[in-house]
Amino acid sequence: PFVANDHFAMVHNATLYNHNELSQTDVDSEALTIHLEGAINDPNYSIDKLGEALYQVYGAYACVWYNQVTHKVQFLRNEQRPLWLAESEDSYYIGSEGGMLHWILTRNGIKYNRLEQIPTNTLHTISPGYAKPVVVEAIPEKKYQPTPTNGVGVTNSGARAIVTGK
């Protein structure tokens, strides 16, 4: 996991193509951790602000984080990465592969009620220690629009595009 400001820890399954635009780090996971922490712990936080921060991310991601400021576990993914949630009587389990999560839980004798892939572009929140269910909020959907440099840009599909002037 990567930690930002000593209170925000995140794990990330992804490949980002613009991590240096998000934060000047060598590792894309660290850049995304810093970037999302800034949006989530902004005093004027809203789901729209998180959407704007995600709009700046170009690449595939599934993220899970714990925020000591809000005491919440939150997770989300885009359409390019899977993320699964299993729910038992008293616990939640999160994994990037549904089959592997099922195998680990059953191998350890953990019975679960439900196993499902979480929908894309939704923020899921668990408040540890509380009997509340997972809270799900839709994130305003926008697509990253890379700024072409030297006439070459990259499309959302990852294909290269040549940009020409008139």
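One can find the structure itself at the top, above this paragraph.
Residues numbered from 1 in each chain as written. Predicted model: local features only at pLDDT ≥ 70, side-chain atom pairs only at ≥ 80, totals over all residues. Heavy atoms only, no water.

Enquirer: Help me understand the side chain of N67, please; the structure alone is not making it clear to me.
Expert: Looking at the element boundaries, N67 is found in strand 3 (residues 59–67). In this structure, N67 is in contact with H7, F8, I40, N41 and K72, ignoring residues within four places of it in sequence. (Helix = DSSP H or I, 4+ residues; strand = E, 2+ residues; numbered from the N terminus. Contact = heavy atoms within 4.5 Å.)

Enquirer: Just to check I follow, could you spell out the environment of N18 for this structure?
Expert: By the element assignment, N18 lies in the loop between strand 2 (8–16) and helix 1 (19–22). Residue classification places N18 among the buried residues on the basis of a relative accessible area of 3%. Put simply, N18 and Q56 are 38 residues apart on the chain and 8.6 Å apart in space, counted from C-alpha to C-alpha. (Buried < 20%, exposed > 50% of the residue type's maximum accessible area, 1.4 Å probe, protein only.)

Enquirer: Would you mind going over the packing of aromatic side chains with me for this structure?
Expert: Each pair of aromatic rings is reported with the distance of its centres and the angle of its planes. The tally for this structure, following the rule as stated, stands at two aromatic pairs. Here Y17 and Y58 contribute two aromatic rings whose centre-to-centre distance is 5.2 Å and whose plane-to-plane angle is 50 degrees, an arrangement assigned as tilted. You can see Y17 sitting in the loop between strand 2 and helix 1 and its partner Y58 sitting in the loop between helix 3 (47–55) and strand 3, a full 41 residues away along the chain. (Phe/Tyr/Trp six-rings, centres within 6.5 Å; stacked < 30°, edge-to-face > 60°.)

Enquirer: Help me out: how do you make sense of the sheet that holds strand 6 (residues 92–95) in this one?
Expert: In sheet architecture, strand pairing relies on hydrogen bonds along the backbone and comes in two forms, parallel and antiparallel. Overall, antiparallel pairing links the three strands, which are arranged 6-5-7 in an open sheet. One side of each edge strand has no neighbouring strand; the edge strands of this open sheet are strand 6 and strand 7 (114–117). Taking the axes of each pair of neighbouring strands and ignoring which way they run, one obtains an average angle of 15 degrees across the sheet. Where strand 5 (residues 84–87) meets strand 7, four bridges bridge the pair, whose relative direction is antiparallel. Pairing of W84 across the sheet is with Q117, part of strand 7. (Pairing = 2+ DSSP bridges. Axes fitted to C-alpha atoms, helices over the stretch in contact; angles between N-to-C directions.)

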